[in-house]
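# Observations on the model geometry
Each chain is listed here by its residues.
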Number of protein chains: 4
Amino acid sequence: MNTTVLLISCPDTSGIVADVAGWVSMNGGNIVHAEQHTDHHNQMFFQRVEFTHDGSRDLQFFKTAFGPIAAKFGMTFTLNELPWRPRTGIMVSKTVHCLSDLLTRSRYGDLGLDIQAVVSNHNDSRQLVEAFGYRYEHIAVGDGTNARAEQEKNVADLLDSLNLDLVILARYMLVLPPWFADKWYGRMINIHHSFLPAFIGANPYRQAHDRGVKIIGATAHYVTSDLDEGPIIEQDVARVSHRDDVAELTRRGRDLETVVLARAVRAHVEHRVLVWNNRTVVFG
Amino acid sequence: MNTTVLLISCPDTSGIVADVAGWVSMNGGNIVHAEQHTDHHNQMFFQRVEFTHDGSRDLQFFKTAFGPIAAKFGMTFTLNELPWRPRTGIMVSKTVHCLSDLLTRSRYGDLGLDIQAVVSNHNDSRQLVEAFGYRYEHIAVGDGTNARAEQEKNVADLLDSLNLDLVILARYMLVLPPWFADKWYGRMINIHHSFLPAFIGANPYRQAHDRGVKIIGATAHYVTSDLDEGPIIEQDVARVSHRDDVAELTRRGRDLETVVLARAVRAHVEHRVLVWNNRTVVFG
Amino acid sequence: MNTTVLLISCPDTSGIVADVAGWVSMNGGNIVHAEQHTDHHNQMFFQRVEFTHDGSRDLQFFKTAFGPIAAKFGMTFTLNELPWRPRTGIMVSKTVHCLSDLLTRSRYGDLGLDIQAVVSNHNDSRQLVEAFGYRYEHIAVGDGTNARAEQEKNVADLLDSLNLDLVILARYMLVLPPWFADKWYGRMINIHHSFLPAFIGANPYRQAHDRGVKIIGATAHYVTSDLDEGPIIEQDVARVSHRDDVAELTRRGRDLETVVLARAVRAHVEHRVLVWNNRTVVFG
Amino acid sequence: MNTTVLLISCPDTSGIVADVAGWVSMNGGNIVHAEQHTDHHNQMFFQRVEFTHDGSRDLQFFKTAFGPIAAKFGMTFTLNELPWRPRTGIMVSKTVHCLSDLLTRSRYGDLGLDIQAVVSNHNDSRQLVEAFGYRYEHIAVGDGTNARAEQEKNVADLLDSLNLDLVILARYMLVLPPWFADKWYGRMINIHHSFLPAFIGANPYRQAHDRGVKIIGATAHYVTSDLDEGPIIEQDVARVSHRDDVAELTRRGRDLETVVLARAVRAHVEHRVLVWNNRTVVFG
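Residue and element names in this part refer to chain A. The domain architecture assigned to chain A consists of domain 1 (2-82) and domain 2 (87-282). Using C-alpha coordinates to define each centre, domain 1 is positioned 31 Å away from domain 2. Every contact between the two is made by 14 residues of domain 1 and, on the other side, 10 residues of domain 2. Each partner contributes to the roughly 960 Å² buried at the junction of domain 1 and domain 2, and carbon and sulfur atoms together form 64% of this total. The largest per-residue losses of area from domain 1 upon contact with domain 2 belong to L7, F46 and R48, which jointly make up 42% of the total buried on that side. Remark: the boundary between domain 1 and domain 2 carries one salt bridge. Between D39 and R279 there is a salt bridge whose closest N-O contact spans 3.2 Å. Of all the secondary-structure elements, those providing two or more residues to the side of domain 1 that touches domain 2 are β1 (2-11), β2 (30-39), β3 (44-53) and β4 (76-82). Each residue belonging to the side of domain 1 that touches domain 2 can be placed in one class, and the counts come to six nonpolar, five polar and three charged.

Right, here's the structure in full:
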């Protein structure tokens, strides 16, 4: 059996659930998982419907056939097949824990990424990446006045050339310019090493230590042109104490960053995430 | 608008979701929340559908009208109205933390219990219960050969006389006989002070200490005739260390027991729990 | 046996631990628990030493006898007896969950508070407080130009008259003026309904909802004249999702606030908290 | 400066802390971290003292010099230097997540293991291990009557030949015979995929699913001849629901196993763990 996922956003009204369920049934599909959410404050309706079918109708057919329902309710929708193996680029700077975790999961089956290349402004993780058999591109920031802009251009060109579905910033420490972020909107996931919105910007573990918090966190979010303000996909936290200095917070935070990023990527790859109003609906 | 909850269990097959959604729509309802679960291993389908309607049709009407759908798919189903204020009896022995929490929540709105009486084999919490304005019944175990059986009979008779929907064992420390448990099957919730199935039986905090665990827990479950083996509704845990002796584990466990029981009761009162095969489906 | 707690802060140097241990031993004490912390970044040393003794020497004796050690190392120190039952005032506005929890714990032994009065700008919780047998003072904000200042003065005068060791703001929703906060510095604990420093100020659950966070929190801290910026004693968090609207976040947050405040108060009452540089050292 | 760790177990009595602190001071050491624990139930005292010194005295000197104190109080003690890079063997079967994590941490600095070899009864992870530059030994179970015993003998001989300080069972799925476990007592750490003592033995995720628990866990413990009954070093848990089938529990459990094992190994490597009475004291 083939599996297809329908993601819907539209103004809330009555009858949507029945019409969608009827449409799936009428087109030879069987709903194996459906979850909906109504944002009563904003009068918006969201739904994820996962249905199986015999494959005699393809994605293009479903997209066309769903048109009338979408028009009736003013829906934004996507239709995708499962499992999805997105062509993926990973960007990293010096710390390798998130990168290493993504490589391991991709090679040993937990995350179905089709990794095309790892891009870095440093050369530190080349050996690791090549040991896993993936392409490594070192694009450093040079010395000239426009060095940073040139590096951004080179990275952007490389990503373009790879025909990617997804870019993961696995502790890439250079801030991307707005045009770059805009270009990949909804297809670029970053891991930030704090429980946003606390400790936006640089050195969040230093900030956390100075404020004396008893809990640290990590946040995976879609990248937007507004730094650290993109829609949050996943967060998690760990308890710390006065004994933990900045180095120890950093070390403990690594385990958080690793799993939070992996969970966010997985939700994205399984078409579980809808973005609306700079927030996410993450279906279970 | 009125709100009605439909809970369904049946063998899994195709078309159920569409038929149910169509039925709700046809009968003037609008689905505001729906969640389904398929147990692929056992080929079972479960669904919770919450729908609003104008109240022109009552619960009895819906129960009758749903008959053909239920027959078609071999469904077990319930239909209930929200909010539900179940007539509730609370049973307690000496420790008051769960009891006090339930009283506070019921008086101040978090849990819509219609508390009819608190029953105890001790008299310790009478003042607290009466301060909240509820009836307190002290039914002690006497001295004779049949003292325990007599006490059980007296408690059972009292509960019968109260015409209850729900009984909560809020740290009631006497084991109920099978006939008593069977009688209240699916309507009696107990809090056990361990993360079941670890540490079944008496003195779980002593057992936890002796085994040297680093995490303790609490479990709320429906009572069955098989002690501590009933369907689990909710669990939570807390980190402990070698520093915590049995008294400290007991103290820290109280906060767990309190919230775990309250969450389980709330899920039950909102008709979110389905029991099947000694496990629960708890809809979100 | 009597139990005494010594809390020390001083510049870090060698030999402190040995000298303190020797002093306790020499004065007939036996160390039953000792924990130290060195802030290497700031070159500061902190220690909590709990020792038992036969009671033939009183607190005043120990304070005098410790003078030379304190002078040698430039120490700030306190000496206190355990258990401590601080004369406590509780301030509350309308929501009762923290208040009710503190009352229950104080009556049933988990927290050794000697509650002198509950003060509120509303009258909502009078019945609850009086049912527990405590004094309730309703000090409302009046209508005049200086109504707020007058109310603050009246509350301050009442607290003064009660000869208190500790004031707990158990969801007191009026911001205290700096002179009030300064007066109670280190002796007034507040519960804030967010994981500070995220969502400072009003309506943190509304802010959390709008930012789309996946985790909410609560923070207990000493009150300072800088709103929501005082030293953090304890924090905890809970996972939420897109399904949780502001009302649901508020409801779920209540359980967090309750336990976080109780834990912070307990740490304070057991002389486990040292404040330095607007951060706390909370000994285990 | 050199750093040395003293670990002590002895019957509880008065004066120990002062004598130990005095001894360190007298021998040119400065205590930078000290933590003690008294098991009042069993009248046992435990302490970890970390002290710096100028290196003019070596470990052997300290061991001899501590003799009189140890004799006075009937102490069992160890003295070790920090950082410690134990010669380590890792045993694994087919699943690689724990192995991959340990390799990454060892290569990139989080855990100071001096990995000598990875031993497996399967050949699946050879490529991964060799990509990291470590030795891989495939010792399969053969076909004869004594195949299992022979394989155990071969593994034991290999471990012996490597002169190891530590063996980590990173999801090694063959039960070791008692003689093997006894031989490595206190120097062999296993990760079990449940929150022990729940779900001892095979297929814990299947057991967890069948019991319908709402929380799963992982446990790192020292291996003893009593299967899954060794002293627990670290545990952690994750929330699950009815939606999670055995495959999903297994997948989610992997992240738990990975971090729980890494934390336990780290505590061991930093000489933070004392075993007594089949329980551990894990100093912070």
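Counting through the fold element by element, H37 of chain A comes out in strand β2. At a separation of 3.3 Å, a polar atom in the side chain of H37 of chain A contacts the main-chain carbonyl oxygen of H242 of chain C. Not counting chain neighbours up to four residues away, the residues in contact with H37 of chain A comprise M44, F45, F46, V281 and F283 of chain A together with H242 and R243 of chain C.

A separate point is the relation of the copies chain C and chain D. The two copies are related by a screw motion: chain C maps onto chain D through a turn of 180° and a shift of 0.0 Å along the axis, at an RMSD of 0.0 Å. With respect to symmetry, the two chain copies, as superposed, fit the operation of a two-fold axis. Minimal C-alpha separation from the rotation axis in chain C is found for E35 of chain C, amounting to 2.8 Å. A share of 100% of interface residues in chain C that are also interface residues in chain D marks the association as one of identical surfaces.

Right, let's get into the relation of the copies chain C and chain A. Each copy of the sequence occupies a distinct position, and chain C is placed on chain A by a rotation of 180° and an axial shift of 0.0 Å, giving an RMSD of 0.0 Å. When you check the interface residues of chain C against chain A, 100% turn up at the interface there too, and the contact is symmetric in its surfaces.

Before going further, it helps to spend a moment on the interface of chain C and chain A. With 35 residues of chain C in contact, the opposing surface of chain A contributes 35 residues. Surface buried jointly by chain C and chain A totals about 2900 Å² across both partners, of which 51% is contributed by carbon and sulfur atoms. A per-residue breakdown of the area chain C buries against chain A is headed by R211, K214 and H242 of chain C, which together make up 25% of the total. Here chain C is connected to chain A by eight salt bridges. Between E234 of chain A and R239 of chain C there is a salt bridge, and its shortest N-O distance comes to 3.2 Å. At the level of elements, β2 (30-39), α8 (204-211), β11 (232-239) and β13 (279-282) of chain C are the ones that each hand at least two residues to the side of chain C that touches chain A. No other element matches β11 of chain C, which puts seven residues into the side of chain C that touches chain A.

This part takes up unusual backbone geometry. Omega for the peptide link from L82 of chain A to P83 of chain A comes to -10°, which places this bond in the cis form. Even without being glycine, R171 of chain A reaches a positive phi, approximately 70°. Considering the arrangement of structural elements, one finds R171 of chain A in the loop between β8 (166-169) and α6 (178-183). Residue classification places R171 of chain A among the buried residues on the basis of a relative accessible area of 9%. The residue Q43 of chain C is not glycine, and still its phi comes out positive at about 55°. Its place among the elements puts Q43 of chain C in the loop between β2 and β3 (44-53). Classification of Q43 of chain C by relative accessible area gives partly exposed; the value is 45%.

Right, let's get into the sheet that holds strand β8 (residues 166-169) of chain B. Residue and element names in this part refer to chain B. Taken together, the seven strands give an open sheet; going across it, the order is β7-β6-β5-β8-β9-β10-β11, and neighbouring strands pair in mixed fashion. Of all the strands in the sheet, just β7 (136-138) and β11 (232-239) have a single pairing partner and so form its edges. Here the strands of the sheet are splayed against their neighbours by 15° on average, with no regard to which way each runs. As paired elements, strand β6 (residues 114-120) and β7 share three bridges and run parallel to each other. Bridge assignment links S120 to a residue of β7, and that residue is H138. Its contacts with the sheet put helix α4 (residues 97-108) on β5 (87-92), β6, β8 and β9 (188-192), and the angle it makes with β6 is roughly 165°.

Interface size is commonly expressed as the accessible area that is lost once the parts come together. Between chain C and chain D, the contact holds 16 residues from the first and 16 residues from the second. Overall, the association of chain C and chain D removes approximately 1200 Å² of surface from exposure, summing both partners, and the carbon and sulfur fraction of that is 54%. Sorting the residues of chain C by area buried against chain D places A18, N30 and Q36 of chain C first, and these three jointly supply 34% of that buried surface. There are zero salt bridges connecting chain C and chain D. Across the contact surface, chain C and chain D share two residue pairs in polar contact (both at pLDDT 80 or more). Within the residue set of the side of chain C that touches chain D, elements represented by two or more residues are α1 (16-26) and β2 of chain C. Element by element, the count of residues in the side of chain C that touches chain D is highest for β2 of chain C, at eight residues. Looking at the side of chain C that touches chain D residue by residue, the classes come out as six nonpolar, nine polar and one charged.

About the criteria used
- Residues numbered from 1 in each chain as written.
- Chains lettered and ligands numbered in written order.
- Predicted model: local features only at pLDDT ≥ 70, side-chain atom pairs only at ≥ 80, totals over all residues.
- Heavy atoms only, no water.
- Domains from an automatic or database assignment.
- Contact = heavy atoms within 4.5 Å.
- Buried area = accessible area lost by both parts, 1.4 Å probe.
- Salt bridge = Lys/Arg side-chain N within 4 Å of Asp/Glu carboxyl O.
- Helix = DSSP H or I, 4+ residues; strand = E, 2+ residues; numbered from the N terminus.
- Nonpolar A, V, L, I, M, F, W, Y, C, P; charged D, E, K, R; others polar.
- Polar contact = N/O pair within 3.5 Å; in protein donor to acceptor, adjacent residues only side chain to side chain.
- Least-squares fit on C-alpha atoms with pLDDT ≥ 70 in both.
- Buried < 20%, exposed > 50% of the residue type's maximum accessible area, 1.4 Å probe, protein only.
- Pairing = 2+ DSSP bridges.
- Axes fitted to C-alpha atoms, helices over the stretch in contact; angles between N-to-C directions.

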